[in-house]
Amino acid sequence: MTDRRTQLAANLAAVEERITGACAAAGRDRDEVTLIVVTKTYPASDVRILAGLGVLHVAENRDQDAAPKAAACADLPLTWHFVGQLQTNKARSVVGYADVVHSVDRARLVTALSAQAEAAGRELGCLIQVALDAAADGRGERGGVAPGGIAELAALVAAAPGLRLDGLMTVAPLSGEYAGRERAAFDRLMDLSTDLRRDHPAATMVSAGMSADLEEAVAAGATHVRVGSAVLGVRPRLG
Ligand SMILES: *Cc1c(COP(=O)(O)O)cnc(C)c1O
């Protein structure tokens with residue numbers, strides 16, 4: 001356990017240094033960027049160590065793993081983010097522990113989250129997940145709505161009881177015109193965020209950047225980076 005703590009502390013310090021460097025290079029203040037540590041596939045004991053090291057935000061992508069982990073860590077001062085594709089039948093469980101859902105990408109999910117947030121007496125932050133590789137009116141393979149669908153979905157979230165529209169999220173596409181062009185993808189997300197904020201000025205969150213591309217995301221203007229393997233280690237399986 002002590003070894004694990006030492007390892008996580010060193011990884012966290014290295015990631016912190018990368019974020020600080022990226023902010024300096026972009027002329028941004030360090031406090032403009034929030035680190036969210038993606039703890040998927042790793043145990044609650046790691047979450048506890050991270051909280052002890054000062055981590056305030058953690059993310060998960062599968063409800064069946066996240067729910068017990070969040071319950072085991074309920075005593076810790078953490079904000080929980082849900083970043084995975086989400087089935088409507090999991091909305092009730094996710095609303096039970098998540099503070100922010102980054103993967104809102106269809107009307108049915110808005111309806112389900114709203115109903116559950118209302119029933120639980122909670123306010124749930126929502127980011128619209130944008131698929132920059134989706135067909136014009138379609139959805140991405142890994143979730144997300146095409147840019148043309150953002151405005152309609154944002155209006156739905158903004159009007160939904162129990163939900164708060166916080167902003168946009170994306171994952172750099174592996175295919176399509178943005179494949180291998182992370183900076184261009186994140187610049188596009190920033191433009192879409194500017195458009196969104198004309199109608200929804202409080203929706204300022206821009207969630208972009210992971211272990212491999214956090215510098216590009218910070219350079220583009222991301223407010224939140226989601227970092228997993230660079231802190232916890234390479235995952236044994238796809239998660
Ligand atoms: C796993 C995951 C991350 C973190 O990815 P790493 O490459 O491990 O940093 C970020 N965002 C989402 C949506 C993820 O599923």
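Just so it is clear, the model here is predicted, and its values are computed rather than measured.

Draft legend 1. Here's a closer look at the pairing of strand 2 (residues 57–60). Alternating residues of strand 2 divide into His57 and Ala59 and Val58 and Glu60, and every residue in both groups is buried. Looking at chain direction, strand 1 (residues 34–38) and strand 2 are connected through two bridges and run parallel. Pairing of Val38 across the sheet is with Ala59, part of strand 2. Handedness of the crossover is the feature at issue here: the chain leaves strand 1, passes through helix 2 (residues 44–52), returns alongside strand 2, and the resulting connection is right-handed. Pairing of strand 2 with strand 3 (residues 79–82) involves four bridges; the strand directions are parallel. Residue pairing across strands places His57 opposite Thr79, the latter belonging to strand 3.

Draft legend 2. Local environment of the site of the ligand. Around the ligand, a shell composed of Val38, Lys40, Val83, Met169, Met210, Ser211, Arg226, Val227, Gly228, Ser229 and Arg235 is seen. Within the contact set of the ligand, a nitrogen atom lies 2.8 Å away from a side-chain nitrogen or oxygen of Arg226. Residue Gly228 places a main-chain N or O atom 2.8 Å away from an oxygen atom belonging to the ligand. In isolation the ligand has 380 Å² of accessible area, and contact with the protein removes 88% of it.

Draft legend 3. Layout of the environment of Gln7. Inspection of the secondary structure assignment puts Gln7 in helix 1 (residues 2–26). In the structure, Gln7 is positioned 225 residues away from Leu232 in sequence and 8.5 Å away in space, judged by C-alpha atoms. In terms of polar contacts, Gln7 uses its side chain to reach the side chain of Arg4, at 2.8 Å.

Draft legend 4. Representation of helix 5 (residues 107–120) within the structure. Over its 14 residues, helix 5 runs 20 Å from end to end, which matches the ideal 20 Å to within 8%, given 1.5 Å per residue. If you check which residues of helix 5 are buried, you get Leu109, Val110, Ala112, Leu113, Ser114 and Ala117. Each element contacted by the buried residues of helix 5 is listed here: helix 4 (91–97), strand 4 (100–104), strand 5 (124–130), helix 6 (150–159) and strand 6 (163–170). Positive phi appears at Gly121, one or two residues downstream of helix 5, with a value of about 65 degrees.

Draft legend 5. Local environment of the pattern of salt bridges. Enumeration according to the criterion identifies 13 salt bridges in this entry. Among the salt bridges present, the one from Asp46 reaches Arg4, with a minimum N-O distance of 2.7 Å. Taken together, the positions of Asp46 in helix 2 and Arg4 in helix 1 put the pair 42 residues apart, joining distant regions of the chain. The same class applies to Asp46 and to Arg4, which are both buried.

Draft legend 6. Main features of unusual backbone geometry. Positive phi, close to 75 degrees, is recorded for Thr41, a residue that is not glycine. The residue Thr41 is located in the loop between strand 1 and helix 2 in this model.

Draft legend 7. Examining the confidence of the model for the protein more closely. On average, residues of the protein score 96 in pLDDT, and 97% of them reach the 70 mark or higher. At the low end of the mean pLDDT range in the protein sits helix 1, at 97; at the high end sits strand 1, at 99.

Each value, and the rule that gives it
- Residues numbered from 1 in each chain as written.
- Predicted model: local features only at pLDDT ≥ 70, side-chain atom pairs only at ≥ 80, totals over all residues.
- Heavy atoms only, no water.
- Buried < 20%, exposed > 50% of the residue type's maximum accessible area, 1.4 Å probe, protein only.
- Helix = DSSP H or I, 4+ residues; strand = E, 2+ residues; numbered from the N terminus.
- Pairing = 2+ DSSP bridges.
- Right-handed = clockwise from strand over helix to strand, strands pointing away.
- Near = heavy atom within 4 Å.
- Polar contact = N/O pair within 3.5 Å; in protein donor to acceptor, adjacent residues only side chain to side chain.
- Areas by Shrake-Rupley, 256 points an atom, 1.4 Å probe, with all protein chains shown as cover.
- Expected span 1.5 Å × (residues − 1).
- Contact = heavy atoms within 4.5 Å.
- Salt bridge = Lys/Arg side-chain N within 4 Å of Asp/Glu carboxyl O.
- pLDDT = per-residue confidence, 0-100.

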